[in-house]
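Fold and contact review
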Amino acid sequence: MKNIVIFGAPGSGKGTQSDLLVEKYGFKHISTGDVLRGEIKNGTELGKTAKAYIDKGQLIPDSLMIDILATTYDALGNCEGVIFDGFPRTIPQAEALKEMLNERNSEVSGMLELQVPDEMLIERLINRGKTSGRADDNEETIKARLEVYHNQTSPLAEWYEKEGKRHAIKGYGDIAEINARLCEVIDAL
Ligand code: AMP
């Protein structure tokens, strides 16, 4: 079973590419952002807590996220593989993921990093905001999310490099071509 971390800034195409990988390989997909938006929609306590952070473009505290991730992962059952989209976003989350998989006699097979320049990310997210209905796809929150990405999340690239699991991928151009680049890496894992 493959455990794949799809990594990149907001707007780098993680969700779009995850959908294509699910279709091709039959993997299951954990998007922590989708899990949180589901909680908000259902009006749960967790959703209320999460909304306060999401609306400001900030990260939900690690301890909470790590619990959510473990619960979501254990609910998946047997499958060919899992794509982690939007998790981990901090070094403590990456350490917790490693430990969680170890406890289940498993490990991260590879981290695939979609690299996209900031100007393109901003343009993509502003465009997405016109149709996504996401409260955090507005210019002010987009800038906050990118800052959080550069400060708290991007150090993970080096963390996975040291683990020998990082694969950098050019994340712009034709969607099918980006997908082919990802598949080439996944097939070799
Ligand atoms: P996303 O859909 O992945 O862009 O996530 C939307 C928002 O959900 C983020 O800006 C965070 O506020 C929150 N979020 C999602 N995943 C995580 C995570 N792994 N750690 C902390 N916050 C998260």
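Residues numbered from 1 in each chain as written. Predicted model: local features only at pLDDT ≥ 70, side-chain atom pairs only at ≥ 80, totals over all residues. Heavy atoms only, no water.

Focus on the side chain of D137
Along the chain, the position of D137 falls in the loop between helix 6 (118–132) and helix 7 (139–153). The residues touching D137, leaving out its near neighbours within four places in the chain, are L125, R128, G129, S132, I142 and R145. (Helix = DSSP H or I, 4+ residues; strand = E, 2+ residues; numbered from the N terminus. Contact = heavy atoms within 4.5 Å.)

Regarding the pattern of salt bridges
The final tally for this structure, using the stated rule, is 16 salt bridges. As a salt-bridge pair, D137 and R128 come within 2.9 Å of each other at their nearest N and O atoms. Put simply, E177 and R181 hold a salt bridge, and the shortest N to O gap is 3.9 Å. Here E177 pairs with R181, and both are found in helix 9 (residues 175–188), just 4 residues apart, close to one helical turn. Overall, the relative accessible area of 23% leaves R181 in the partly exposed class. Each member of the salt-bridge network shares a partner with another, and the members are R128, R134, D136, D137 and R145. (Salt bridge = Lys/Arg side-chain N within 4 Å of Asp/Glu carboxyl O. Buried < 20%, exposed > 50% of the residue type's maximum accessible area, 1.4 Å probe, protein only.)

A closer look at the site of the ligand
By nearness alone, 16 residues border the ligand, and T32, R37, Q58, G86 and Q93 come closest of all. For the ligand, an oxygen atom lies 2.9 Å from a polar atom in the side chain of R37. Here a nitrogen atom of the ligand sits 3.0 Å away from a polar atom, N or O, in the side chain of R89. Protein chains bury 96% of the 480 Å² of accessible surface belonging to the ligand in isolation. Per element, the largest residue contribution to the shell around the ligand is 4 residues, and it comes from helix 2 (residues 32–41). Considering only residue class, the shell around the ligand consists of 6 nonpolar, 5 polar and 5 charged. (Near = heavy atom within 4 Å. Polar contact = N/O pair within 3.5 Å; in protein donor to acceptor, adjacent residues only side chain to side chain. Areas by Shrake-Rupley, 256 points an atom, 1.4 Å probe, with all protein chains shown as cover. Nonpolar A, V, L, I, M, F, W, Y, C, P; charged D, E, K, R; others polar.)

Considering the sheet that holds strand 3 (residues 81–85)
What the 5 strands build is an open sheet, ordered 2-3-1-4-5; its pairing is parallel. Both outer strands of the open sheet, strand 2 (28–31) and strand 5 (166–170), are each paired with one neighbouring strand and no more. Here the average twist between neighbouring strands, direction ignored, is 20°. For strand 2 and strand 3, the ladder comprises 4 bridges, and the chain directions are parallel. Following the sheet pairing, I30 is matched in strand 3 by F84. (Pairing = 2+ DSSP bridges. Axes fitted to C-alpha atoms, helices over the stretch in contact; angles between N-to-C directions.)

Examining the packing of helix 4 (residues 62–74) against helix 5 (residues 91–103)
Contact geometry of helix 4 with helix 5 gives a least axis separation of 10 Å together with a crossing angle of 30°. Here helix 4 is positioned roughly parallel relative to helix 5, judged by the angle of their axes. Viewed along their axes, helix 4 and helix 5 form a crossing whose handedness is right-handed. Packed against helix 4, whose contacting residues are D62, M65, I66, L69, A70 and Y73, the element helix 5 presents P92, Q93, A96, L97, M100 and L101 at the interface. (Parallel < 35°, antiparallel > 145°, perpendicular 65-115°, else oblique. Left-handed = near helix turned anticlockwise from the far one by under 90°.)

Brief notes about unusual backbone geometry
F87 connects to P88 through a cis peptide bond whose omega is 0°. Positive phi outside glycine occurs at N105, with the angle close to 50°. Mapped onto the fold, N105 is located in the loop between helix 5 and strand 4 (110–115).

Topic: the environment of N3
Along the polypeptide, N3 turns up in strand 1 (residues 2–7). Through-space distance from the C-alpha of N3 to that of F27 is 9.2 Å; in sequence the pair is 24 residues apart. When residues no more than four places from it in sequence are discounted, the contact partners of N3 are Y73, V82, F84, L101, S106, E107, V108, S109 and G110. A distance of 3.0 Å separates a polar side-chain atom of N3 from the backbone oxygen of E107.

A look at the environment of Q17
Mapped onto the fold, Q17 is located in helix 1 (residues 14–25). Between the C-alpha atom of Q17 and that of Y53, which follows or precedes it by 36 residues, the distance is 25 Å. Apart from residues lying up to four places away in sequence, Q17 is in contact with I6, L114, I175, I178, N179 and L182. At a separation of 2.9 Å, a polar atom in the side chain of Q17 contacts the side chain of N179.

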